Amino acid sequence: MKETFVRSLSGLIYVTLLLICICFEQTLIALFFVFGLICIGEFKKLIQLKSNIPYLIFVLLYAVFGYWQAVLNTNKGLNEATQILMVLSIFVNLFLIKDLFSGKTIPLFSTKRFLLTTFYLSSAFVFLILIANYFENYNPNILLGSFILVWVNDSFAYLVGKNFGKQKLFEIISPKKTVEGFLGGLFFSCVASYFIATFTATLTFTSWLILSIIVSVFGTLGDLIESKFKRQAKVKDSGVIMPGHGGLMDRLDSIIFAAPFIYLFLRILNYVS
């Protein structure tokens, strides 16, 4: 009972903090900056990287893309730089998917450690801010909707998997995840997309439906990939900052991995509309 209470309280504080900060652009930028630093610290331990260079890279990336217009007084070059970052991030994430399915361990040679901290982790927080600025003026509804889809997917994947799950999804990495749980999370995310489309007045229902599929699929992959990193490091959680949950990266692993794919879809949507 005590463990459930601690877990619930910890989760409530996390969600409340996010919901309050997401209402204001500068507070959200500050929150994700802190979240990014914490996640880098947790991830460095998982991949056994002692260098502090990833912190510097994160600060530079975050400052450049967060304050490009304010510092340079123009958006010139920002679009091209964002596209390059997006392509590199998706490329690295696709290699992580390959590593997830093709080997017993994820190769962690020196160069790859820095590539991962930069284009798997640091860039994800940049894309979260860019998603909130999809309409060029700050509008957090798409970002909030994406987080809601992650929460719905995770919650119903757990509930459906616990009560009806029989076929393991990826037993060697995450024994508790089931195919039934994944499909349950996907189904209820699709249902949630209708209500998000109705009440946020941002994108069409069709667009939110596609986003729900992107979030469910890539969010689940992100969860599995982080689980594989933890299994390699022989730890249960990425950290201890959230009592009952583990590390902050344990809560953000899905949205971190899905962020560049969400942003890519929004770019495509903007291009074809």
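Heads up: the structure comes first, above all this text.
Since the model is a prediction, treat every value here as computed from it, not as a measurement.

Draft legend 1. Spatial organisation of the overall build of the chain. Helix and strand content of the chain: nine helices and two strands. In the chain, the succession of α and β elements from N to C terminus is α-α-α-α-α-α-β-β-α-α-α. Principal axes of the C-alpha set define a box for the chain whose edges measure 55 × 45 × 40 Å. Taken across its 273 residues, the chain has 49% of its residues classed as buried.

Draft legend 2. Region of interest: the environment of Ser122. As for its placement among the helices and strands, Ser122 is situated in helix α5 (residues 110–132). Spatially, the C-alpha atom of Ser122 lies 9.1 Å from that of Ile256, the residues being 134 residues apart in sequence. When near neighbours in sequence (up to four residues on either side) are disregarded, Ser122 contacts Ile40, Pro54, Phe58, Leu61 and Thr117. Within the structure, the side chain of Ser122 is placed 2.8 Å from the backbone oxygen of Thr117, a separation counted as a polar contact.

Draft legend 3. Quick peek at the side chain of Thr82. Structurally, Thr82 can be placed in helix α4 (residues 78–102). Apart from residues no more than four positions distant in its own chain, Thr82 is found in contact with Phe65, Phe127, Leu130, Tyr263 and Arg267.

Draft legend 4. Expanded view of the nonpolar core. Counting 79 residues, the largest nonpolar core has Phe32, Tyr120, Phe125, Phe229 and Leu252 as the members making the most contacts within it. Looking at this core element by element, the count peaks at 14 residues for helix α9 (residues 248–272). Among all residues touching Phe229, those that are not within four sequence positions of it are Phe43, Leu46, Ile47, Leu96, Ile106, Leu108, Leu116 and Tyr120.

Draft legend 5. Structural context of helix α8 (residues 205–233). Taking 1.5 Å per residue, 29 residues should reach 42 Å; α8 reaches 41 Å between its end C-alpha atoms and fits that length. In the stretch just after α8, Lys234 is the one whose phi turns positive, near 60°.

Draft legend 6. Representation of unusual backbone geometry. One non-glycine residue, Gln48, lies in positive phi territory at about 55°. The class of Gln48 is exposed, set by a relative accessible area of 62%. The backbone of Lys234 shows a phi angle near 60°, a positive value even though the residue is not glycine. Taking the relative accessible area as the measure of exposure, Lys234 reaches 77% and is therefore exposed.

Draft legend 7. Quick peek at the pattern of salt bridges. What the rule picks out here adds up to five salt bridges. We note a salt bridge from Asp223 to Lys177, for which the minimum N-O separation is 3.1 Å. One end of the pair, Asp223, is in helix α8; the other, Lys177, is in strand β2 (residues 174–178), with 46 residues separating them in the sequence. Using a relative accessible area of 22% as the deciding quantity, one classes Lys177 as partly exposed. Note that Asp250 is salt-bridged to Lys230, the shortest N-O span being 3.0 Å. Of this pair, Asp250 sits in helix α9 while Lys230 sits in helix α8, and the two are 20 residues apart along the sequence. Lys230 carries the same exposure label as Asp250, and that label is buried. Salt bridges here are not isolated pairs; linked through shared partners, they connect Lys98, Asp99 and Lys112.

Draft legend 8. Up close: the pairing of β2. Summarising the sheet, strand β1 (residues 168–170) and β2 pair through two bridges and their orientation is antiparallel. Paired with Phe170 across the strands is Ser174, a residue of β2. The turn linking β1 back onto β2 is made up of three residues.

Draft legend 9. Examining the packing of helix α7 (residues 179–200) against α8 more closely. In contact at an axis separation of 8 Å, α7 and α8 are set at 145° when each is read in the N-to-C sense. As for the relative orientation of α7 and α8, their crossing is right-handed in sense. Residues Phe182, Gly185, Leu186, Ser189, Cys190, Ser193, Tyr194, Ile196, Ala197 and Thr200 of α7 form the contact with α8, whose own contacting residues are Phe205, Trp208, Leu209, Ser212, Ile213, Ser216, Val217 and Thr220.

About the cut-offs
Residues numbered from 1 in each chain as written. Predicted model: local features only at pLDDT ≥ 70, side-chain atom pairs only at ≥ 80, totals over all residues. Heavy atoms only, no water. Helix = DSSP H or I, 4+ residues; strand = E, 2+ residues; numbered from the N terminus. Buried < 20%, exposed > 50% of the residue type's maximum accessible area, 1.4 Å probe, protein only. Contact = heavy atoms within 4.5 Å. Polar contact = N/O pair within 3.5 Å; in protein donor to acceptor, adjacent residues only side chain to side chain. Core = buried A, V, L, I, M, F, W, Y, C linked by side-chain atoms within 4.5 Å. Expected span 1.5 Å × (residues − 1). Salt bridge = Lys/Arg side-chain N within 4 Å of Asp/Glu carboxyl O. Pairing = 2+ DSSP bridges. Axes fitted to C-alpha atoms, helices over the stretch in contact; angles between N-to-C directions. Left-handed = near helix turned anticlockwise from the far one by under 90°.

Function cannot be read off these values alone, since they describe shape.
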